[in-house]
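Inside the fold
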Amino acid sequence: MSRTSNALDLHVPAPHARPGDKPDFSGWSFPEPGETPKPELDASAAELRDFAYGLIRVLDFDGNAIGPWAPSIAPEALRRGLKYMLLTRAFDDRMYRAQRQGKTSFYMQSFGEEAISVAQALALNSDDMCFPSYRQQGVLIARDYPIFDMMCQIYSNARDPMRGRQLPVMYSSKKDGFFTVSGNLATQVPQAVGWAMASAIAGDTKIASGWIGDGSTAESDFHTALTFAHVYRAPVILNVVNNQWAISSFQAIAGGESTTFAARGVGCGIASLRVDGNDFLAVYAASRWAAERARGNLGPTLIEWVSYRAGAHSTSDDPSKYRPADDWQRFPLGDPIVRLKAHLIGLGEWSEAQHEQARQELEAEVAAAQKEAESHGTLLDGHIPSPATMFDDVFERMPWHLRLQRQQLGV
Amino acid sequence: MDDPNAIPATAGNAVPMTMIQALRSALDVSMARDDKVVVFGEDVGYFGGVFRVTEGLQAKYGPSRCFDTPINESGIVGIAVGMGAYGLRPVAEIQFADYFYPGADQIISEAARLRYRSVGDFTAPITIRMPCGGGIYGGQTHSQSPEALFTHVCGLRTVMPSNPVDAKGLLISAIECNDPVIFLEPKRLYNGPFDGHHDRPVVPWSKHPLGRVPEGHYTVPLEKAAVFRPGKAVTVITYGTMVWVSACAAEETGIDAEVIDLRSLWPLDLEAIVASVRRTGRCVIVHEATRTSGFGAELTALVQEHCFHWLEAPIERVTGWDTPYPHAQEWDYFPGPARVGAALKRAMEA
Ligand SMILES: Cc1ncc(C[n+]2csc(CCOP(=O)(O)OP(=O)(O)O)c2C)c(N)n1
Ligand SMILES: [Mg+2]
């Protein structure tokens, strides 16, 4: 095609740094911790507009909690939060390695993003319903779901609660308020809105929390969810975990180049906040604010959590092919575990020695659970649930054709 | 040319290629010949796709000819339709066939019907590539074979290659075709032929003649089947991975089956099917997709309509079970050579 001097040109966003380049976060600027005011719960979406473009921060890098968003939270609760984050990280590390050892087919870590799911789980009531993506294992862990059961799911072994049907990490636990994880992106977000609407229809007091990654916000289902949440003032928190990457594509490909993901809510008339997702206190405080708002019939809140995907997308992925190797080390919002630890130490409620001891104990807990889980088999050793179970649950009662097919399989 | 499968000498030297490399070569050749060919999809640009089919194309042709898209399949198909309306030849990738569903409206209501509803004023000369099928422990959202959902739609062409030589030639045909083409890639065949024996070492394409692919431009015609394995006793109608599984079942049972690789699922090569079934008098239809209302049902009806008086046995269907594709029980789900072999025997004994 020939080009003239006034030829149009297609813009395709490109990140600052690719493999071999120096990681470059120089363009990033944030408000200081404590700088962002805390609005009234009944503030209108229009009054809240700027919150979608700023960044709510509480913790500075010396561990001080600053400003109106600093939550009143007992040190004991903070220590629990820290331990859940450590447990999540230790769990991820073990399961990642188990996959590498061939014991299962697939794994996805939440490395670097632990504060978001853990702090929100602690800010919600235990019977509030979460509609997670595949990276919210922290919610299950912070709700004390047994890591043994999670491992059995990952191994598709004889004790797998999902009976080997589901890809690893696709957990489900209704009693723990954890909706069955879908492999199809974004589908859970309108479902969270529907669940919240149902709670309102029924005159209940429970709220819902929907989760999605930055990349997946491009799916139509996300925008559908915003519209429905606004129309019915659904008691729901819509979480966008902006970890900057969607497999190999960076957040500008998802539409974050000249705006924010929180800003998606502004056009829909939804209260929208942008929050430091590696700041445990900010996550807790913003989640509490949104939950109280939902419980007060004041409607939905969209929250963009700014974080960084420290690890690979999954075990099927090699990030060194598309981003600089030491990216995460230079990410300006740091490591959520290190930051909460510094805060607790600053309060005089924690020490390096206690931290090291907790880390070791949690790693031992994970190792013990792993041993126990592996005693019931792994995908590698073929101790999987009977193929006969494959035909269950397609329908409530098995129709003739599935009985016939099960017979034909000879199981 | 008498032999529709003959590849002209102008296609260049044949070199070893995996199916991934053959598909890449098809895109490369097409982009080099025609600057209207553009390639896009999730992770397709810089990274080169999660299966690396588009690796190197952005570096070679620039980001306005090969680029990453937002994660939105309806958008991916929708922009392809718009680009096609402008006059480009877009090749869109859906990362896994399991993820085309959000794009279904753009495929079914738009791409497939543009020509009809505008009386040829607008057309959708687009190719939508998507990896399909199981065998990689992908669970229910990385294993599906949704071909019947496409063959049911009037106005779509649906294609599925079974080897690198066909993959390249068919993809070039699809790109050059003025109709919308759904191009399904059996991902289990990406790196080597696969006969269903998952417990045996993977055979690389470099060890197989169909892994020797001409480097230049050539086409494999749409609507033409290939006789993958000639035989006299029974006709197996199949496509994709199941071509290899069926041929393996024929070897293992010693039944002299003729294995027909459809290549184009719709519109298909009826003549090839009818000629073979009338000759053998027996027919087994094999696909990996679930059974009920699967493409095998259409094939069964066609064989019944055109070969009824020649049939000596009931038509057999071997398919995946009518359940979502399970993760751990993958090999109990997958219709391997034992299941195909049993059907061959039933067809012979009837
Ligand atoms: C409908 C659909 N399209 C594509 C995919 C393939 N896919 C799986 S994860 C992923 C990236 C998602 O990125 P993001 O939403 O940022 O979440 P993150 O992985 O960073 O947590 C893609 C493209 C899918 N699972 N579902
Ligand atoms: Mg992401």
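As a convention, each chain's residues are numbered from 1 in the sequence order in which they are written. Labels follow written order: the first chain is A, the first ligand is 1, and so on. Only residues with pLDDT of at least 70 get local features here, since the model is predicted, and only at 80 or more are side-chain atom pairs given and counted; chain-wide, interface and lining totals rely on the full set of residues. Hydrogens and water molecules were not included; the side-chain quantities draw on all heavy atoms of the structure.

Now for the overall build of chain A. Note on conventions: DSSP H or I runs of at least 4 residues are helices, E runs of at least 2 residues are strands, and numbering of each starts at the N terminus. In terms of regular secondary structure, chain A is built from 12 helices and 7 strands. Atoms considered for the radius of gyration are the C-alpha atoms alone. The globule rule reads 2.2 Å times the number of residues to the power 0.38. Against the compact-globule benchmark of 22 Å for 411 residues, chain A has a radius of gyration of 22 Å, which places it among compact chains. Overall, chain A is about 65 × 65 × 55 Å in size when its C-alpha atoms are taken along their principal axes. Out of the 411 residues in chain A, the part that is buried amounts to 58%. Here a residue-residue contact requires only that any non-hydrogen atoms of the pair lie within 4.5 Å. Pairs at least 24 apart in sequence give 75% of the contacts found in chain A among residues at least 6 apart. In the structure as shown, chain A presents an accessible area of about 16,900 Å², 50% of it carried by carbon and sulfur atoms. Across chain A, 39 positive and 48 negative side-chain charges occur, with their mean positions spaced 5 Å apart. Exposure classes here rest on a 1.4 Å probe applied to the protein chains alone. A residue is buried below 20% of its type maximum, exposed above 50%, and partly exposed in between. For every accessible area listed, the method is Shrake-Rupley and the probe measures 1.4 Å; residues are considered covered only by the protein chains on display. Here Asp and Glu are counted as negative and Lys and Arg as positive; His is not counted, and neither are the chain ends. For this purpose, a charge sits on NZ of Lys, CZ of Arg, CG of Asp or CD of Glu.

Residue and element names in this part refer to chain A. Here helix 5 (residues 188-201) crosses helix 6 (residues 220-231) at 20 degrees, and the two axes come no closer than 7 Å. Here helix 5 is positioned roughly parallel relative to helix 6, judged by the angle of their axes. Crossing of helix 5 against helix 6: the hand is left-handed. Packed against helix 5, whose contacting residues are Val189, Pro190 and Val193, the element helix 6 presents Asp221, Phe222, Ala225, Phe228 and Ala229 at the interface. Polarity classes work like this: nonpolar for Ala, Val, Leu, Ile, Met, Phe, Trp, Tyr, Cys and Pro, charged for Asp, Glu, Lys and Arg, and polar for all others, with Gly in that last group. Tallied by class, the residues present in the contact of helix 5 with helix 6 amount to 7 nonpolar, no polar and 1 charged. Structural elements are reduced to axes, namely lines fitted to C-alpha atoms, with helices fitted over the stretch in contact, and the angle between N-to-C directions of any two is expressed from 0 to 180 degrees. The cut-offs work like this: below 35 degrees is roughly parallel, past 145 is roughly antiparallel, 65 to 115 is roughly perpendicular, and the gaps in between are oblique. Handedness of each helix crossing follows the sense of rotation of the near helix against the far helix: counterclockwise by less than a right angle gives left-handed, clockwise gives right-handed.

Residues and elements named next belong to chain B. The domain boundaries assigned to chain B delineate domain 1 (16-214) and domain 2 (226-349). Delimitation of the domains relies on an automatic or database domain assignment. One C-alpha centre belongs to domain 1, the other to domain 2, and the line joining them spans 25 Å. Counting from both sides, the interface comprises 36 residues of domain 1 and, opposite them, 29 residues of domain 2. Summed over both sides, the interface between domain 1 and domain 2 buries roughly 2,600 Å², with carbon and sulfur atoms accounting for 61% of that surface. Salt bridges are defined as contacts in which a side-chain nitrogen from Lys or Arg sits within 4 Å of a carboxyl oxygen from Asp or Glu. When the shortest N-O distance is used, the salt bridge between Asp166 and Arg263 registers 3.0 Å. Pairs of N or O atoms are called polar contacts if they sit within 3.5 Å, as long as, within protein, a hydrogen donor faces a hydrogen acceptor (for residues adjacent in sequence, only side-chain-to-side-chain pairs). Inspection of the domain 1/domain 2 interface yields 14 residue pairs in polar contact (both at pLDDT 80 or more). Those elements giving two or more residues to the side of domain 1 that touches domain 2 turn out to be helix 6 (147-151), strand 6 (157-159) and helix 7 (164-176). Of the residues in the side of domain 1 that touches domain 2, the class split is 14 nonpolar, 16 polar and 6 charged. Buried area is understood as the total, over both parts, of accessible area removed when two parts are fitted together, assessed with a 1.4 Å probe.

Bringing the coordination of the magnesium ion (ligand 2) into the picture now. Coordination angles at a metal have ideal targets, namely 109.5 degrees for four tetrahedral donors and 90 or 180 degrees for six octahedral donors. Residues and elements named next belong to chain A. The magnesium ion (ligand 2) binds to the protein through Asp214 (OD), Asn243 (OD1) and Trp245 (O); the donor distances cover 2.0 to 2.1 Å. Classification of Asp214 by relative accessible area gives buried; the value is 1%. By relative accessible area, Trp245 is classed as buried at 7%. Counted as coordinating are nitrogen, oxygen and sulfur atoms within 2.8 Å of the metal, or 3.2 Å for Na, K and Ca, while water is not included, which may make sites look incomplete.

This part takes up the sheet that holds strand 7 (residues 301-306) of chain A. Residue and element names in this part refer to chain A. One open sheet accounts for 5 strands, arranged 1-2-3-7-6; its pairing is parallel. Among the strands making up the open sheet, the edge pair consists of strand 1 (129-131) and strand 6 (271-276). Averaged over all adjacent pairs, the angle separating strand axes in this sheet is 20 degrees, with direction ignored. One bridge is not enough; two strands pair if DSSP finds at least two bridges between them. In the sheet, strand 2 (residues 208-213) pairs with strand 3 (residues 236-242) via 6 bridges, with the strands oriented parallel. Each residue of the ladder has a partner; that of Ala208, found in strand 3, is Val236.

What follows is about the site of ligand 1. Around ligand 1 there are 20 residues in total, and Tyr134, Arg135, Asp214 and Ser216 of chain A together with Glu73 of chain B lie nearest to it. Gly183 of chain A is positioned with one of its backbone polar atoms (N or O) 2.7 Å from a nitrogen atom of ligand 1. One of the backbone nitrogen or oxygen atoms of Leu185 of chain A is found 3.2 Å away from a nitrogen atom of ligand 1. For ligand 1, whose unbound accessible area comes to 580 Å², protein coverage reaches 96%. Here the residues of the shell around ligand 1 sort into 7 nonpolar, 8 polar and 5 charged. Any residue with a non-hydrogen atom lying within 4 Å of a molecule or strand is treated as near it.

A few words on the packing of helix 4 (residues 147-155) of chain A against helix 11 (residues 352-374) of chain A. Residue and element names in this part refer to chain A. Orientation of helix 4 relative to helix 11, taken along the N-to-C sense of each, is 50 degrees, at an axis distance of 9 Å. One finds that helix 4 runs oblique with respect to helix 11. In terms of crossing hand, the pair formed by helix 4 and helix 11 is right-handed. Contacts from Ile147, Phe148, Met151, Cys152 and Tyr155 of helix 4 reach helix 11 at Glu365, Val366, Ala369, Gln370, Glu372, Ala373 and Glu374. Looking at the contact of helix 4 with helix 11 residue by residue, the classes come out as 8 nonpolar, 1 polar and 3 charged.

For the rest of this paragraph, the subject is the packing of aromatic side chains. Pairing of aromatic rings covers Phe, Tyr and Trp, the last through its six-membered ring, and needs centres within 6.5 Å; plane angles under 30 degrees mean stacked, over 60 mean edge-to-face, and all others mean tilted. In this structure the tally under the stated criterion is 28 aromatic pairs over all chains. Taken together, a centroid distance of 6.0 Å and an interplanar angle of 75 degrees make the contact between Trp28 of chain A and Phe30 of chain A edge-to-face. Classification of Trp28 of chain A by relative accessible area gives partly exposed; the value is 27%. Look at Trp245 of chain A and Tyr322 of chain A: their rings are 5.5 Å apart centre to centre, the planes differ by 45 degrees, and that puts the pair in the tilted class. Taken together, the positions of Trp245 of chain A in strand 4 (residues 245-246) and Tyr322 of chain A in the loop between strand 7 and helix 9 (327-330) put the pair 77 residues apart, joining distant regions of the chain. These aromatic residues form a ring-pair network of at least three members: Phe25, Trp28, Phe30, Tyr308 and Phe331 of chain A. Lying across the ring of Tyr46 of chain B, Arg18 of chain A places its NZ or CZ 3.6 Å from the centre. Sitting over a ring, as applied to charges here, requires NZ of Lys or CZ of Arg to be within 6 Å of the ring centre and within 35 degrees of the ring normal. A cation sits over an aromatic face here: Arg188 of chain B above Phe194 of chain B, 3.7 Å from the ring centre.

All names here are of chain B. Taking 1.5 Å per residue as the helical rise, helix 7 with its 13 residues ought to reach 18 Å, and the 18 Å between its terminal C-alpha atoms agrees with that figure. The element helix 7 is largely enclosed, with a buried count of 12 among its 13 residues. Its side-chain oxygen placed 3.1 Å from the backbone nitrogen of Val165, Asn163 serves as the N-cap of helix 7. To estimate the expected span of a helix, count its residues, drop one, and scale the result by 1.5 Å.

Attention now goes to the sheet that holds strand 2 (residues 37-41) of chain B. Whenever strands of a sheet pair, they do so through backbone hydrogen bonds, lying parallel or antiparallel. Residue and element names in this part refer to chain B. Taken in spatial order, the 7 strands make up an open sheet running 3-2-4-5-7-6-12, and their pairing is mixed. Lying at the two open borders of the sheet, with one neighbouring strand each, are strand 3 (66-68) and strand 12 (264-266). Taking each pair of neighbouring strands and ignoring which way they run, the sheet shows an average axis angle of 20 degrees. Strand direction decides the pairing type here: strand 2 and strand 3, joined by 3 bridges, are parallel.

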